[in-house]
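What follows is each chain in one-letter form.
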Amino acid sequence: MEASVDVAVVGGGIVGLGIAWEAVRRGHSVTLIDPAPATGATRAAAGMIAPASELHYREEHLLELTMDSARRYPEFITSLAWTGIDPGYRNTGTLVLAVDGADRQALADLRTVQSAHGLDVEQISVREARRSEPMIGPAATGAFRAGEDHQLDPRKLAASLHSAVLARGTILAATASALERNGDRVIGVKLHDGGTVAARHTIVANGLAASELTHLPVQLPMRPVYGDILRLRVPTSLQPLLTHTVRGLVRGHAVYLVPRADGTVVLGATIREDGSNAVSAGGVYQLLRDAQQLVPAVAELELEEILCRARPGTPDNAPLLGGVPGVDGLLIATGFFRHGVLLTPAAAALCVDLLKGKPVPPGIERYRPDRFGKGQQ
Ligand SMILES: Cc1cc2nc3c(=O)[nH]c(=O)nc-3n(C[C@H](O)[C@H](O)[C@H](O)COP(=O)(O)OP(=O)(O)OC[C@H]3O[C@@H](n4cnc5c(N)ncnc54)[C@H](O)[C@@H]3O)c2cc1C
């Protein structure tokens, strides 16, 4: 077994990288284990930091955590400025558009829920929306502005986190196969190649694959929720195509366009549970069709990339976050589904607070990782 570190993090997606950085900057020695960091769901993510417009019916309980995390983002990013990699954080807000009457009604109903939770979402005229975004097309018949929603480029944030963790900790290009246990204490991680990493605290943050680790004391039932997403380059003559994130309902179908500082636009995303991680032609067709309803100039952009990745979902769409009662030295941080980028700063702060012995905040109890049952004792 290698010399012991304070913290071993399994998984170097945005969540594991974020936790590793938080642990490093708060004084811990850290080894992060991942054969291919930031190539899972993180690679596909649009990067919306969107507690307001991503609020979904029956997921209101997440709001406290999503708002807390969104508020943490500016400081989290500032802490990484020394890496020299700008994650493209923008706080220009989101414009949400409706096409037909049913779309308008659905968005008005959502706004009632958002306002009841104190979110800054206001109805504006389409003309006003067009004053901010002249490329909005004639199909839009209703508009809302969500001031609290921001965005960044998750690939750049992951690169910045990777470089920060590498500079002050260790990143092992290896696959974890099991938890090393000594009775009720987790004492590190066993690697696929036979090696081990000894650690006082082990954090399981490898997204969908978390349930594949052996010797887990809890069941982590994961659900892959596939998403197709496109990256389009805006020709110089059309730049900037958009300055806000523009999303909408187009005859019941949700679609979003997220402009990036590098002159590209992210267009997403489908939500499929059909078990296929291949890009769906029908999904891509639908995204392009609906995006053109909101912003017709989408048809003139250059198609740069089409990608499909699985969001790490859980049976109740809520994260698996925290320690396991009766088991020392272990934290779980997975199941972030549609919100992993948004929730990274809060999840990272929570994990490091917990390993420093702070109590579990009351609102977090419902995300206990043992809520689906015990695993291997
Ligand atoms: C199309 C799409 C759009 C999205 N848009 C947004 C958005 O706008 N905003 C938002 O907040 N979220 C968004 N999400 C969700 C977000 O991408 C995920 O919630 C987030 O990436 C989860 O991060 P993660 O680190 O838990 O998992 P992942 O990014 O999947 O990372 C898991 C990591 O674990 C590693 N790993 C796996 N097994 C092992 C092992 N045995 N040992 C070591 N390492 C291992 C993998 O190599 C991988 O790097 C989107 C997702 C998709 C698919």
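Residues numbered from 1 in each chain as written. Predicted model: local features only at pLDDT ≥ 70, side-chain atom pairs only at ≥ 80, totals over all residues. Heavy atoms only, no water.

Colleague: What is the right way to read the site of the ligand from this model?
Modeller: Taken together, 38 residues lie around the ligand, and Asp34, Thr42, Met48, Phe337 and Leu342 are the ones closest in. Here a nitrogen atom of the ligand sits 2.9 Å away from a polar atom, N or O, in the main chain of Ala176. Arg338 has a polar backbone atom sitting 2.9 Å from a nitrogen atom of the ligand. At the level of elements, α1 (14-25), α2 (41-44), β12 (223-233), β16 (302-313) and α8 (340-355) are the ones that each hand at least two residues to the shell around the ligand. Class assignment of the residues belonging to the shell around the ligand gives a composition of 22 nonpolar, 12 polar and four charged. Among the domains, domain 1 (5-44 + 155-222 + 316-367) and domain 2 (94-147 + 224-313) are the pair contributing at least three residues each to the shell around the ligand. (Near = heavy atom within 4 Å. Polar contact = N/O pair within 3.5 Å; in protein donor to acceptor, adjacent residues only side chain to side chain. Helix = DSSP H or I, 4+ residues; strand = E, 2+ residues; numbered from the N terminus. Nonpolar A, V, L, I, M, F, W, Y, C, P; charged D, E, K, R; others polar. Domains from an automatic or database assignment.)

Colleague: Help me understand the nonpolar core, please; the structure alone is not making it clear to me.
Modeller: Generally speaking, nonpolar side chains in soluble globular proteins are found buried as a group. In this structure, Ile19, Leu321 and Ala333 are the most contacted members of the largest nonpolar core, which totals 48 residues. Of all the secondary-structure elements, those providing two or more residues to this core are β1 (5-10), α1, β2 (30-33), α3 (63-78), α6 (154-168), β18 (327-334) and α8. Ranked by residue count, the leading element in this core is α8, at 11 residues. Not counting chain neighbours up to four residues away, the residues in contact with Ala333 comprise Val15, Ile19, Ile203, Val204, Ala205, Leu320, Leu321 and Cys351. Listed in part, the 29 residues of the second largest apolar core include Leu232, Leu287, Leu294 and Ala297. (Core = buried A, V, L, I, M, F, W, Y, C linked by side-chain atoms within 4.5 Å. Buried < 20%, exposed > 50% of the residue type's maximum accessible area, 1.4 Å probe, protein only. Contact = heavy atoms within 4.5 Å.)

Colleague: Help me understand the layout of surface pockets in this model?
Modeller: Take a probe with the size of a water molecule and roll it over the atoms, and the empty space left behind shows itself. As a volume, the second largest pocket reaches approximately 310 Å³. If you go around the second largest pocket, you meet 18 residues; those closest to its centre are Gly322, Gly323, Val324, Leu331 and Val360. At the level of elements, β17 (320-324), β18 and α8 are the ones that each hand at least two residues to the lining of the second largest pocket. Broken down by element, the lining of the second largest pocket gets its largest block of residues, five residues, from β18. (1 Å grid on protein atoms, 1.4 Å probe; cavity = no way out; pocket = protein on both sides within 12 Å on 5 of 7 lines; lining within 4 Å. Points joined across faces, edges and corners; volume = space filled by probe spheres on them.)

Colleague: What exactly am I supposed to notice about α8 here?
Modeller: Each full turn of the α-helix corresponds to 3.6 residues, which orients residues three or four apart in the same direction. Maximal helix bending in α8 amounts to about 35 degrees, located at Ala346. For α8, the tally of buried residues reaches 16 of 16 residues, placing the bulk of the element in the interior. Gly357 lies just past α8 and shows a positive phi near 95 degrees. (Bend = angle between axes of the 7 residues up to and from the residue.)

Colleague: Is there a simple way to think about empty space enclosed by the protein in this case?
Modeller: Within this structure, the stated rule accounts for one cavity of 30 Å³ or more. Roughly 60 Å³ of internal volume is contained in the largest cavity. Contributing to the lining of the largest cavity are Ala50, Pro51, Glu54, Leu55, His56, Glu59, Leu62, Leu63, Thr66, His339 and Leu342. By residue class, the composition of the lining of the largest cavity is six nonpolar, three polar and two charged.

Colleague: Hey, could you run me through the pairing of strand β13 (residues 245-250) in this one?
Modeller: Side chains on a regular strand alternate between the two faces of the sheet. Counting buried residues in β13 gives six out of six residues, a clear majority hidden from the surface. Taking every second residue as pointing to the same face, both faces of β13 are buried, with Thr245, Arg247 and Leu249 on one and Val246, Gly248 and Val250 on the other. Sheet topology places strand β4 (residues 94-98) next to β13; five bridges connect them, and they run parallel. Within the sheet, the bridge partner assigned to Ala98 lies in β13 and is Leu249. Two elements, β13 and strand β14 (residues 253-259), share five bridges in a ladder whose sense is antiparallel. Bridged to Leu249 within β14 is Ala254. (Pairing = 2+ DSSP bridges.)

Colleague: Just to check I follow, could you spell out the sheet that holds β12 for this structure?
Modeller: What links the strands of a sheet is backbone hydrogen bonding, and the strands pair in either a parallel or an antiparallel sense. Spatially, eight strands are ordered β5-β6-β4-β13-β14-β15-β12-β16 in an open sheet, and the strand pairing comes out mixed. Edge positions in the open sheet fall to β5 (121-124) and β16, since each of these has one partner strand only. Here the strands of the sheet are splayed against their neighbours by 20 degrees on average, with no regard to which way each runs. Pairing of β12 with β16 involves 11 bridges; the strand directions are antiparallel. Within the sheet, the bridge partner assigned to Leu232 lies in β16 and is Leu303. (Axes fitted to C-alpha atoms, helices over the stretch in contact; angles between N-to-C directions.)

Colleague: Is there a simple way to explain the domain arrangement of the chain in this structure?
Modeller: A common way to report how large an interface is uses the accessible area buried once the components associate. One can read the domain layout of the chain as domain 1 (5-44 + 155-222 + 316-367) and domain 2 (94-147 + 224-313). The centre of domain 1, based on its C-alpha atoms, is set 32 Å off from the matching centre of domain 2. Domain 1 puts 15 residues into the contact, and the matching count from domain 2 is 13 residues. Surface buried jointly by domain 1 and domain 2 totals about 1200 Å² across both partners, of which 62% is contributed by carbon and sulfur atoms. Three residues, Ala44, Leu208 and Phe337, lead the burial of domain 1 against domain 2; their summed loss comes to 45% of the area buried on that side. Applying the counting criterion to the domain 1 and domain 2 interface returns two salt bridges. When the shortest N-O distance is used, the salt bridge between Arg155 and Glu305 registers 2.7 Å. At the junction of domain 1 with domain 2, the criterion picks out six residue pairs in polar contact (both at pLDDT 80 or more). (Buried area = accessible area lost by both parts, 1.4 Å probe. Salt bridge = Lys/Arg side-chain N within 4 Å of Asp/Glu carboxyl O.)

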